[in-house]
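# Per-entry structural report
Single-letter residue listing:
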Amino acid sequence: MGLSNTKIHKYDLLYAGLQGSYWAYYASVWSFIAVILGFYGFSGKAVGTLTALATLLSVVVQPILAARADRSERFRSREMAMALMLMGFGVGLALLLAPLSLGPRGVLFWLLGLILSCISPFLNSLATDLMARGEKLNYGFGRGFGSLCYAITVMIVGSFVEKQDPKLELTVFLIILIPAILIMYCCRLPEGASKAKETEKALGTIEFLKANPAFIIALLGAAFFVAGHNIYNTYYYAVIDRAALAGTLVMGTTLGIEAIVELPAMSLFPTIHKHISCEMLLTFAGIGIFIKSVLYVFCTGGPMLYVNAVLQFFENGLYLPAAVFFVKEHIATADQSKGQGLMYAAGGGLGGALGNYCGGFLLDHFSIVASLLFGALCGLLCALCFYICKRRRKAVQYA
C-alpha cells in the first residue's frame, strides 16, 4: 500500500468528520430554534421573521464570501469555513454566558443562523478543491455521514429539548464545534494549487451568470427541488395528523429511515455517476419529490409513511452529491466556490423560503393536501429544469 492510499483514507475520514460535525452542531441548535426562541419569550411571528431573515440574507452574503474565496490565494474555502466556525463559536459563547435582553439575544441568534447557512457551501467547495488537487475523495460518503449525524443529534437533543433550559442545547453546540474546528485545521490542502486554478481568473457574480446561462436554469431547478422537499419536511406534523397517528414515534422512525437510506445512496454515488450523468440524476431526484409528495397525500398509516421514507434514497440521497458534482463538472475551477455558493443559496435560501411560505399559506387556507400537491408541482419543475440542462449541454457552453 502506497502513500497515495494513505492520503485517500486520511481525507475521506477528515471530510466525513467535517460533514458529520457540521450537521451535528447545526442540528443541536438550529433544528430546534423555534423551541429555543419560544423559551426566551419570542412570539411565533418573531421566530418566523428571524429565521427567514437569516436564511434569505445568506443568499446575498454567501456568494459575496465565495467570490472573495475564489479570488484569494490564501483565504480560500477552508480558511473561510474556519473563520465562520470561529465566529459561530464566539456567538454561541455569548448566547450561553452573557446576560442579554430580548433584542440583542434575537440579533445574536439571527447572526448564528446566518453563519451556519454560509458554512455548508464552503465544505462542498473544499471537497472540489481536494479533488482538483488529485485526491480521490468520496464526497458521497462524507455527506451521507453528515445526514446520519444530523438524525442522531436531532433524536438525542429532541428527547430533552422541551424540558430543559436552552443553555443545554447551546452547550452541546459548543462542545461539538470544538472538535469540528480542530478537524478543519487538520484538513490542509495538498501543497501546490491545481493547474487550472493557476491559469484561470475568477469572474464577478454578474459576469459569471452571463457566462453560464444554462447554470441559471440549474439554479431554478435547485430552488424548486428544495421548495418541494421543504414542504413535506416542514409540515410533516400535518401529514401525520391527517393520517391520525401519534407524532413523536412516527417522526423519529421516519427520520431514522431517511438518514439510513441516505448514507448508502451517497456512498454509492461515484459508482452510479459512472453510468448516469449529474443532470439525469438531478432529474430523477425531482421526480422523486413528485412521487413522495403524491404518496404522502394517500398515506393512511405508519407503514405507508415508512415505505415513503425509503424513497429518500432516490430523492435527497441522489440530489445532494449530484448537485455538488454538477457544479464541479460544469463550472471553471476558479469559480468553484461561487458556483457551489450560488447552488446552495438558490436551494437553501430561495427554494427554502418558497416552500415554507407557500406550503404554510396553502395549509392555512386550504389543507395539507394542497401543500403537498404544490410540492409535487415543484418536483416536476425541478425535473424539467435539469432535463433542459441535459438537452442544452452540447448547445450551451458551460464555464
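The next point concerns the overall build of the protein. Along the backbone of the protein there are 18 helices and zero strands. Among the 399 residues that make up the protein, the fraction classed as buried is 55%. By sequence separation, contacts in the protein at least 24 residues apart represent 86% of the contacts at least 6 residues apart. As displayed, the protein has an accessible area near 17100 Å², and 69% of this comes from carbon and sulfur atoms.

In this section: a nonpolar patch on the surface. On the surface, Phe284, Ile287, Ile291 and Leu295 cluster together into a nonpolar patch covering about 300 Å² of accessible area. On the accessibility criterion, Phe284 (37% relative accessible area) is partly exposed.

Judged by nonpolar contacts, the single largest core of 105 residues is most densely connected at Tyr25, Phe109, Phe215 and Met343. At 14 residues, the largest contribution of residues to this core is made by helix 5 (residues 102-132).

Time to look at the confidence of the model for the protein. Here the protein shows a mean pLDDT of 81. Residues at 70 or above account for 88%. Mean pLDDT across the elements of the protein bottoms out in helix 8 (residues 195-199) (49) and peaks in helix 4 (residues 77-97) (93). Residue range residues 1-8 is modelled with pLDDT below 50. Its contacts to residues more than four positions away, or to other chains, number three contacts. Confidence over residues 394-399 falls short of pLDDT 50; this stretch has 15 contacts with residues more than four positions distant or in other chains.

Counting across every chain of the model gives 17 aromatic pairs. Measuring from centroid to centroid gives 4.8 Å for Tyr22 and Trp23, while their planes differ by 80°, and the two rings are edge-to-face. Like Tyr22, the residue Trp23 is buried in the burial classification. A network of ring pairs unites the aromatic residues Tyr22, Trp23, Tyr25, Tyr26, Tyr150 and Phe173 as a single cluster. Sitting over the face of the ring of Tyr40, Arg105 holds its NZ or CZ atom 4.2 Å from the ring centroid.

On to the side chain of Asn316. Checked against the element boundaries, Asn316 lands in helix 16 (residues 316-330). Setting aside residues no more than four positions away along its own chain, Asn316 makes contact with Phe225, His229, Glu262, Met266 and Pro321.

Analysis parameters
Residues numbered from 1 in each chain as written. Predicted model: local features only at pLDDT ≥ 70, side-chain atom pairs only at ≥ 80, totals over all residues. Heavy atoms only, no water. Helix = DSSP H or I, 4+ residues; strand = E, 2+ residues; numbered from the N terminus. Buried < 20%, exposed > 50% of the residue type's maximum accessible area, 1.4 Å probe, protein only. Contact = heavy atoms within 4.5 Å. Areas by Shrake-Rupley, 256 points an atom, 1.4 Å probe, with all protein chains shown as cover. Patch = residues over 30% accessible without salt bridge, like charges linked within 9 Å, V, L, I, M, F, W, Y side chains within 5 Å. Salt bridge = Lys/Arg side-chain N within 4 Å of Asp/Glu carboxyl O. Core = buried A, V, L, I, M, F, W, Y, C linked by side-chain atoms within 4.5 Å. pLDDT = per-residue confidence, 0-100. Phe/Tyr/Trp six-rings, centres within 6.5 Å; stacked < 30°, edge-to-face > 60°. Lys NZ or Arg CZ within 6 Å of the ring centre and 35° of its normal.

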